[in-house]
Number of protein chains: 6
Amino acid sequence: MRPSGRELNQMRAVSFETGFTKHAEGSCLIKMGDTHVLCTATIEDRVPPFIKGSGLGWVTAEYGMLPRATNTRMRREAASGKQGGRTVEIQRLIGRALRAGVDRVALGERQITVDCDVLQADGGTRCASITGGWVALRLAVNKLMKAGDVISDPLVDPVAAVSCGIYAGQPVLDLDYPEDSEAGVDGNFIMTGSGKLIEIQMSAEGSVFSRDQMNQLMDLAEKGVGELAAMQKAAAA
Amino acid sequence: MRPSGRELNQMRAVSFETGFTKHAEGSCLIKMGDTHVLCTATIEDRVPPFIKGSGLGWVTAEYGMLPRATNTRMRREAASGKQGGRTVEIQRLIGRALRAGVDRVALGERQITVDCDVLQADGGTRCASITGGWVALRLAVNKLMKAGDVISDPLVDPVAAVSCGIYAGQPVLDLDYPEDSEAGVDGNFIMTGSGKLIEIQMSAEGSVFSRDQMNQLMDLAEKGVGELAAMQKAAAA
Amino acid sequence: MRPSGRELNQMRAVSFETGFTKHAEGSCLIKMGDTHVLCTATIEDRVPPFIKGSGLGWVTAEYGMLPRATNTRMRREAASGKQGGRTVEIQRLIGRALRAGVDRVALGERQITVDCDVLQADGGTRCASITGGWVALRLAVNKLMKAGDVISDPLVDPVAAVSCGIYAGQPVLDLDYPEDSEAGVDGNFIMTGSGKLIEIQMSAEGSVFSRDQMNQLMDLAEKGVGELAAMQKAAAA
Amino acid sequence: MRPSGRELNQMRAVSFETGFTKHAEGSCLIKMGDTHVLCTATIEDRVPPFIKGSGLGWVTAEYGMLPRATNTRMRREAASGKQGGRTVEIQRLIGRALRAGVDRVALGERQITVDCDVLQADGGTRCASITGGWVALRLAVNKLMKAGDVISDPLVDPVAAVSCGIYAGQPVLDLDYPEDSEAGVDGNFIMTGSGKLIEIQMSAEGSVFSRDQMNQLMDLAEKGVGELAAMQKAAAA
Amino acid sequence: MRPSGRELNQMRAVSFETGFTKHAEGSCLIKMGDTHVLCTATIEDRVPPFIKGSGLGWVTAEYGMLPRATNTRMRREAASGKQGGRTVEIQRLIGRALRAGVDRVALGERQITVDCDVLQADGGTRCASITGGWVALRLAVNKLMKAGDVISDPLVDPVAAVSCGIYAGQPVLDLDYPEDSEAGVDGNFIMTGSGKLIEIQMSAEGSVFSRDQMNQLMDLAEKGVGELAAMQKAAAA
Amino acid sequence: MRPSGRELNQMRAVSFETGFTKHAEGSCLIKMGDTHVLCTATIEDRVPPFIKGSGLGWVTAEYGMLPRATNTRMRREAASGKQGGRTVEIQRLIGRALRAGVDRVALGERQITVDCDVLQADGGTRCASITGGWVALRLAVNKLMKAGDVISDPLVDPVAAVSCGIYAGQPVLDLDYPEDSEAGVDGNFIMTGSGKLIEIQMSAEGSVFSRDQMNQLMDLAEKGVGELAAMQKAAAA
């Protein structure tokens, strides 16, 4: 029934290529099917003004899409002079999600910026960015711990995200672009490896959904995030 | 236990002052406690390029906050040369929410722009904007129907929104600013008057939540939206 | 002869609702007929760089118009990415006008920002902004004096403004929008409560005027400002 | 008493060098003392959207200052990404002033853009721009009339401007920079060659003025504009 | 003598991975040592206004660098609101270079946009962009020819580019970052596969060079471009 | 054969009017035929952050064109909100070129900004800007030396620039606009008075050139720069 022939509760093939670029403290090319996102983590000694002197660390994120990551070319945001509303919303989400999994006292007063740049898009880029971004973050923190700059591990539990939605009347896991563009209801579930909720964004455009359906989507999300968390740990070991 | 002395499941006092400004096809000053938002609805005969000739209507929203709506003065967005990420995110949410309650065929090929401008803020401005925005929209559509420009009512069910969160360990309804700034978990539930879900945005910053807690928040939201919908209908009758 | 039926030298009904918003140090909703402007005054301890360390205070103003304050919706300035020429010109005028009535030594090294946001427009918004802005400023200064932060009153004489113009060949006081859009010659007179001149901006578009006419307009302005100053004092007492 | 040794009612030396650049339909370098402004007039067949098809012409103006036209270098506006408030205000004034002297029916449906670029500044640049801009406009219109594109002369009376102010307690004509930076009250009078008023902008910063003083300044302005108009006619003959 | 141990006239290892992304009509990841650039070519049926209806085609380019492509993180251009001077200069160069190798009559009235995005930088990104960009362009044109949309091949000769400079007093070929940051004189040579010159940009900062040195650099460039052209042909065969 | 009747190796008439504006530390109006550029040099005691405390000086440049410097009016860059790609490229070139002729140790920790504003354009504006800019720079440095602020002359050799290209199949020196718009190959040579090379920018659009032709152009450039350097020395003596 799904265009890709997947089961309702089956994710796309997922892979992590760590060390994809050499300069960043952590880097990872995540592939969720045909969605490919390059995630890099940059450690800096400065923090934003509002936490200066607090001893707390900060994690933030930026998101971008190469102009021809998509089926038709999109205008380059740097050329149009600003980041679009969708971009801003996504990068705020990524930052919030990753921060939820960070012990900011243990991190110490430094900032890690996670850049998520979509090289190829086929639906679910924000979830792939969070899941891959956490691996880049993990690798950067590993470096800090190895160097003795951080003593207690600030990342106790992985953070991963997966999309769920109602496609052709059925709740499905991990929508690809053909599903995403048809689904009247879809959203993103961000959770920890141990199954705690961090963020839920469910949205219907031109449609509505019931509490029963919401519960079914939540079940799918728990399954998906569980699988992703296992792969994240393996990739960043 | 709540700073305001309210019950856990008690909303703030809500009022709607319709016709607050005279030029707009629909206008309404909504007050949710000390949060005051002026909502206006503007009807235009043009639609966005991507639906031109489709016969479908469009509803969109813009959001703003006066510089001194808040406790300390914020920089005027027009002066800083762009809308901040938070603003863009909120106005996209309002537009999506209102559109979910519109029969775009019945509306016909015209656009209604709902402007939500916060005159005074005390938490929950996006929920107040959606709830008050629907009233302004309703009034504008009433005018279209009275004039015979629209035959079948495109607004079958009110759209309303309320925030819920976990404050001091307890699930509470309709957070005000003192609660909002303390809550580790909070979010917005957008629903129809008949109890269907349109959008859920739950988010934890520096915290996590369980599925049980999620269910408790959903119960509160259903209660709150039910009360708001009744008031919306009365206000725009 | 005037569309509103007013006498040539008769102003619209004027009212001041002080304390319209709760966060600002001073706030006032001024209504001059159907022109409604929300004015707030914000006190900050910093001053602009060019007077740092001088011991002098500063008063500045910003001006905005809600998109649907007018008969047809105007584009939101924050969305278009900059303040238009008309906005910039008006807010510079308001700031200059208010500063002319301030003893900057008595004020001490602090800044007061007066925000004037037009909720509904029907001509004469810049004059209403100055007149209402002075009341907000007065209320904020009252607070400083009550707290003992300022000893000698820096506001010795009210500042008020009124428009005058030549409509249908006759000099008239306080033009509303229907008059304003027809008048070939019109302008604004900013004066102190004791009748001194602060600023005159008379302008003809597609027309000219004589010195005699200029003198008649000045007589009207003196009458109007006198009445406004009395109301300002009463409102901010 | 004046820093330059001029009489109270004496203007600076004024000259017009027409044809200063070769591409523009009209061009003129005006020198008012050490204030030098290059004015060019460009004729285009298009008009702004709001008068398309009306048969009426349009005259507009833009103003700029070279970064080192002033005593200390100012930031280049093109580099800072926008025109400052002062620039926008001035170019709106120039456009309004020149339009007041144009018979837009006689001009026909075409636009003339007058660019005023200050090469060297010593006070009074907006007045010099208007006065020199009219000469550039006159030269461009001469070309249209010679070519038979315009039959009846759309410029019946010159438009000129001069600054007046109160310096060291005395009303003076045509303030240079040392006077301008000291004067508590000053402004600009824009008039026709035959003595009609087009625009008055009188402003006090940190001071006030009386109606008597206003009358004295008006007398000076009439004298100054009369002299300028005679020179304009000679220059553009 | 060279930090990398290369001979003076030896290029870095070069590879082309074609089809790196699936949506673009042509795509190629070029690696010149540690400089990795993703190049995509997008075919569109529209052309810029200035050649509309001419029957001629157009090739243009855009250039970007991921924030952490470099040793320290650079600010994202989309976030800072504009493309920097260096970016604009480079993308104009790439477009000019590629156009020089295109028979625009044979291409027909369509536009090909070549996006060059640096995933990892180690000197020579603009040369890698041109060389890899040509391969993406070649692949896109192959598709047009296969489909019969283009009959005669518009790309008769490859376009490639290589940097040369004077490092530690010696002329060297294909500078990497450690050399580039030390060299007082360096530049880029863009040539066709058959050895014709398209563009030369030699530049000294804080130094000068002689005509003899210029000739030596030209010899190196001819060698380098010859090698690159052979590889380009093989990659896009 | 050339539109102007000049010999292949003949430059246009060149003149320098020093002291054209009074405020700048150095100023010069250079005319190369009908290309007129006003160059001013501004001395400031501050330097860019990246050399603060180094004891080294800095020279930078900005470039602009008045809207009607050209045959048809161009949009004012300050009004369009940014400097175009061509402008940015040119001003970076001018700065780099002038810096190459400066002993930054001898200059001491101060910055000189050279503004080059094109009053009238007829081809070759960037070369005229460099050549005239050097004269303005020389005059400003003379002032520093006279005042004893600089002891050893930081400008040992003039910097001048000239364009060369292939017009109608022939190598020609100093292209004017009619030649420039026809030439398939052209570029700029920046050299010192003693014949050393600083920068070469040769570019073909829709064409290619041979090494032989490159050598002929270089011969022309040497002749042209030699003549310019002699005139520069005379002008700034």
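Residues numbered from 1 in each chain as written. Chains lettered and ligands numbered in written order. Predicted model: local features only at pLDDT ≥ 70, side-chain atom pairs only at ≥ 80, totals over all residues. Heavy atoms only, no water.

Next up on the list: the relation of the copies chain B and chain C. Taken as rigid bodies, chain B and chain C are interconverted by a rotation of 180° and an axial shift of 0.0 Å, the fit giving an RMSD of 0.0 Å. Taken together, the rotation and translation describe the operation of a two-fold axis. In terms of proximity to the rotation axis, the leading residue of chain B is Ala78 of chain B, whose C-alpha is 1.9 Å off the axis. Mapped onto chain C, 100% of the interface residues of chain B again fall at the interface, so both copies present the same surface. (Least-squares fit on C-alpha atoms with pLDDT ≥ 70 in both. Contact = heavy atoms within 4.5 Å.)

Attention now goes to the sheet that holds strand S6 (residues 159-167) of chain A. Read across the open sheet, the eight strands follow the order S7(A)-S6(A)-S8(A)-S9(A)-S9(B)-S8(B)-S6(B)-S7(B); overall the sheet is antiparallel. Two strands lie at the open edges of the sheet, namely strand S7 (170-173) of chain A together with strand S7 (170-173) of chain B, each paired on one side alone. Each strand of the sheet is rotated relative to its neighbour by a mean of 15°, with strand direction disregarded. Where S6 of chain A and S7 of chain A come together, four bridges link them in antiparallel fashion. When the bridges of S7 of chain A are listed, Ile166 of chain A appears paired with Pro171 of chain A. Across the sheet, helix H2 (residues 85-100) of chain A lies against S6, strand S8 (185-192) and strand S9 (197-204) of chain A together with strand S9 (197-204) of chain B, angled at about 150° from S9 of chain A, the strand it touches most. (Pairing = 2+ DSSP bridges. Helix = DSSP H or I, 4+ residues; strand = E, 2+ residues; numbered from the N terminus. Axes fitted to C-alpha atoms, helices over the stretch in contact; angles between N-to-C directions.)

Attention now moves to the packing of aromatic side chains. Residue and element names in this part refer to chain D. Counted by the stated rule, this structure contains six aromatic pairs over all chains. Between Phe50 and Trp58 the ring centres are 5.1 Å apart and the planes differ by 90°, which places this aromatic pair in the edge-to-face class. Judged by its relative accessible area of 58%, Phe50 is exposed. On the basis of relative accessible area, Trp58 is assigned to the buried category, the value being 13%. (Phe/Tyr/Trp six-rings, centres within 6.5 Å; stacked < 30°, edge-to-face > 60°. Buried < 20%, exposed > 50% of the residue type's maximum accessible area, 1.4 Å probe, protein only.)

Here we take up the packing of helix H4 (residues 125-146) of chain C against helix H6 (residues 211-235) of chain C. Residues and elements named next belong to chain C. Contact geometry for H4 and H6: axes closest at 9 Å, N-to-C directions at 30°. The angle between H4 and H6 places the two elements in the roughly parallel class. Two packed elements cross with a definite hand, and for H4 against H6 that hand is right-handed. Across from Thr131, Trp134 and Val135 in H4, the residues of H6 making contact are Leu228, Gln232 and Ala235. Its residues placed into classes, the contact of H4 with H6 shows four nonpolar, two polar and no charged. (Parallel < 35°, antiparallel > 145°, perpendicular 65-115°, else oblique. Left-handed = near helix turned anticlockwise from the far one by under 90°. Nonpolar A, V, L, I, M, F, W, Y, C, P; charged D, E, K, R; others polar.)

With 36 residues of chain A in contact, the opposing surface of chain E contributes 36 residues. In this assembly, chain A packs against chain E so that about 2,900 Å² is buried in total across both faces, 49% of it on carbon and sulfur atoms. Where chain A packs against chain E, one counts 14 salt bridges. Across the salt bridge formed by Arg73 of chain A and Glu62 of chain E, the nearest N and O atoms sit 3.1 Å from each other. Elements that contribute at least two residues to the side of chain A that touches chain E include exactly strand S3 (35-44), strand S4 (58-65), helix H1 (77-80) and strand S5 (111-120) of chain A. Sort the elements by how many residues they give to the side of chain A that touches chain E and S5 of chain A lands first, with six residues. Here the residues of the side of chain A that touches chain E sort into 13 nonpolar, eleven polar and twelve charged. (Buried area = accessible area lost by both parts, 1.4 Å probe. Salt bridge = Lys/Arg side-chain N within 4 Å of Asp/Glu carboxyl O.)

Residue and element names in this part refer to chain A. Strand order in the open sheet formed by five strands is S1-S2-S3-S5-S4, and the pairing between neighbours is mixed. Strand pairing shows two members of the sheet lacking a second neighbour, strand S1 (14-18) and S4, which therefore form its edges. Direction aside, the axes of adjacent strands within the sheet are offset by 20° on average. With eight bridges connecting them, S4 and S5 associate as parallel partners. Among the inter-strand pairings, Thr60 is bridged to a residue of S5, identified as Thr113. Strand contacts of H2: S4 and S5, with the helix running at about 145° to S4, the strand carrying the most contacts. Across the sheet, helix H6 (residues 211-235) is in contact with S1 and strand S2 (26-32); its angle to S1 comes to roughly 20°.

Facing 36 residues of chain B, the contacting portion of chain C comprises 36 residues. The contact between chain B and chain C buries some 2,900 Å² in all, and 49% of this surface belongs to carbon and sulfur atoms. For the pair chain B and chain C, the number of links is 14 salt bridges. Sorting the residues of the side of chain B that touches chain C by element identifies strand S3 (35-44), strand S4 (58-65), helix H1 (77-80) and strand S5 (111-120) of chain B as the ones contributing at least two each.

Residue and element names in this part refer to chain A. Sites flagged by UniProt as "binding site: phosphate" (unreviewed entry) map to Arg86, Gly124, Thr125 and Arg126. Across 41 residues in sequence, these annotated residues keep their C-alpha atoms within 13.3 Å of one another, forming a single compact spot. Inspection of the secondary structure assignment puts Thr125 in helix H4 (residues 125-146). If near-sequence neighbours (up to four positions away) are discounted, Thr125 is found in contact with Thr35, Val37, Tyr63, Met65, Arg86 and Val118. Take Arg126: it is sitting in helix H4. (UniProt positions renumbered as here; feature names shortened; annotations may be inferred.)

Looking now at the UniProt feature "domain: Exoribonuclease phosphorolytic" (unreviewed entry) in chain A. Residue and element names in this part refer to chain A. Using the residue numbers shown here, the UniProt feature "domain: Exoribonuclease phosphorolytic" (unreviewed entry) corresponds to residues 10-140 and 157-224. For the annotated span residues 10-140, helix accounts for 31% and strand for 31% of the residues, and the straight-line distance between the end C-alpha atoms is 31 Å. The span residues 157-224 carries 26% helix and 43% strand; its end-to-end C-alpha distance comes to 16 Å.

Once that is clear, we can look at the arrangement of the chains. Separating chain A from chain F is a minimum C-alpha gap of 10 Å, and the two share no contact. There is a clear gap between chain B and chain F: no contact, and 11 Å between their nearest C-alpha atoms.

Here the focus is the state of the cysteines. Residues and elements named next belong to chain B. Under the criterion given, the structure shown has zero disulfides over all chains. Free of any disulfide, Cys39 has its nearest neighbouring cysteine sulfur in Cys116, separated by 4.1 Å. Looking at Cys39, the relative accessible area reads 0%, which means it is buried. (Disulfide = S-S within 2.5 Å.)

Here the focus is the side chain of Gln91 of chain D. Residues and elements named next belong to chain D. Mapped onto the elements, Gln91 comes out in helix H2 (residues 85-100). On the basis of relative accessibility, which here comes to 12%, the residue Gln91 falls in the buried class. Of the polar contacts made by the side chain of Gln91, one reaches the backbone nitrogen of Tyr63; its length is 2.9 Å. What Gln91 contacts, discounting residues up to four positions off in sequence, is Ala61, Glu62, Tyr63 and Gln83. (Polar contact = N/O pair within 3.5 Å; in protein donor to acceptor, adjacent residues only side chain to side chain.)

Let's shift gears to the pattern of salt bridges. One pass over the structure, following the stated rule, counts 120 salt bridges over all chains. Between Glu44 of chain B and Arg46 of chain B there is a salt bridge, and its shortest N-O distance comes to 3.5 Å. Since its relative accessible area comes to 19%, Glu44 of chain B is described here as buried. With a shortest N-O distance of 3.5 Å, Arg211 of chain F and Glu222 of chain E are connected by a salt bridge.

This part covers the confidence of the model for chain A. Residue-level pLDDT values for chain A average 96, and 100% of them are 70 or greater. For this predicted complex, the interface confidence comes out at an ipTM of 0.95, alongside a pTM of 0.89. (pLDDT = per-residue confidence, 0-100.)

Another aspect to go through is the environment of Tyr177 of chain A. Residue and element names in this part refer to chain A. Topologically, Tyr177 is positioned in helix H5 (residues 177-180). The spacing of Tyr177 and Gly133 is 44 residues in sequence and 21 Å in space, taken between C-alpha atoms. Aside from chain neighbours lying at most four places away, what touches Tyr177 is Asp122 and Gly123.

On to the environment of Asn9 of chain C, then. All names here are of chain C. Within the secondary structure, Asn9 sits in the segment before strand S1 (14-18). Residues Asn9 and Leu220, 211 residues apart in the sequence, show an inter-C-alpha distance of 6.2 Å. For Asn9, the contacting residues outside a window of four places in its chain are Arg2, Leu173, Leu220 and Lys223.

All names here are of chain F. Take Asp174: it is sitting in the loop between strand S7 (170-173) and helix H5 (177-180). The exposure class of Asp174 is buried, given its relative accessible area of 2%. Those residues in contact with Asp174 that lie beyond four places of it in its chain are Arg2, Arg6, Met11, Arg12, Met32, Val162, Ser163 and Glu179.

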